[in-house]
Amino acid sequence: MKTQIVYALVSDENDYYYEQLLISAFTLKFHNPNCISFLIIDKETEKTITNKRNKIYKYIQKILVVDTPKGFTKLERSRFLKTNIRKFISG
């Protein structure tokens, strides 16, 4: 079985979380080319993954977009994704 790595991202153009993820995903693929990487994002973050922010698709194999409760802040959406990962990813 191949190693599975799961990232959770809640980001927009006003922070550096996407860029940090991009560096981590690149490094992961460089040192572990056979691992499988997942990215769990919310719908608000998905809307921002365009133009120069779409390079992540080169390093992540599977991207899962999850509905988060309306009215949640970025911090709350991030915690929601991280605490519910087992509901979205098996293994």
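Notes on the structure follow. From a predicted model like this one, the values you see are computed outputs, not experimental measurements.

### Comments concerning the layout of surface pockets
Taken as a whole, the largest pocket spans an internal volume of roughly 240 Å³. Looking at the largest pocket, the residues that line it are Tyr7, Ala8, Leu9, Val10, Tyr17, Gln20, Leu21, Lys74, Leu75, Ser78 and Lys82. For the lining of the largest pocket, the leading source of residues is helix 3 (residues 74–83), giving 4 residues. Counted by class, the lining of the largest pocket contains 7 nonpolar, 2 polar and 2 charged residues. In this structure, the second largest pocket occupies an estimated 160 Å³ of space. Considering the residues around the second largest pocket, the lining is formed by Asp42, Lys43, Glu44, Asp67, Thr68, Pro69, Lys70, Gly71, Phe72 and Arg77. Along the lines of polarity and charge, the residues of the lining of the second largest pocket split into 2 nonpolar, 2 polar and 6 charged.

### Thoughts on helix 3
Since the α-helix turns once every 3.6 residues, residues separated by three or four places project in the same direction. Residues of helix 3 that are buried: Arg77, Ser78 and Leu81. Looking straight down helix 3, one finds that the buried residues subtend no more than 100° of arc, so they occupy a single side. Of the residues in helix 3, the exposed ones pointing more than 90 degrees away from the buried face are Leu75, Arg79 and Thr83. Check the buried side of helix 3 and you find it contacts strand 1 (4–9), strand 2 (36–42), helix 2 (43–48), strand 3 (62–66) and helix 4 (85–88).

Procedures and definitions
Residues numbered from 1 in each chain as written. Predicted model: local features only at pLDDT ≥ 70, side-chain atom pairs only at ≥ 80, totals over all residues. Heavy atoms only, no water. 1 Å grid on protein atoms, 1.4 Å probe; cavity = no way out; pocket = protein on both sides within 12 Å on 5 of 7 lines; lining within 4 Å. Points joined across faces, edges and corners; volume = space filled by probe spheres on them. Helix = DSSP H or I, 4+ residues; strand = E, 2+ residues; numbered from the N terminus. Nonpolar A, V, L, I, M, F, W, Y, C, P; charged D, E, K, R; others polar. Buried < 20%, exposed > 50% of the residue type's maximum accessible area, 1.4 Å probe, protein only. Arc of directions from axis to C-beta. Contact = heavy atoms within 4.5 Å.

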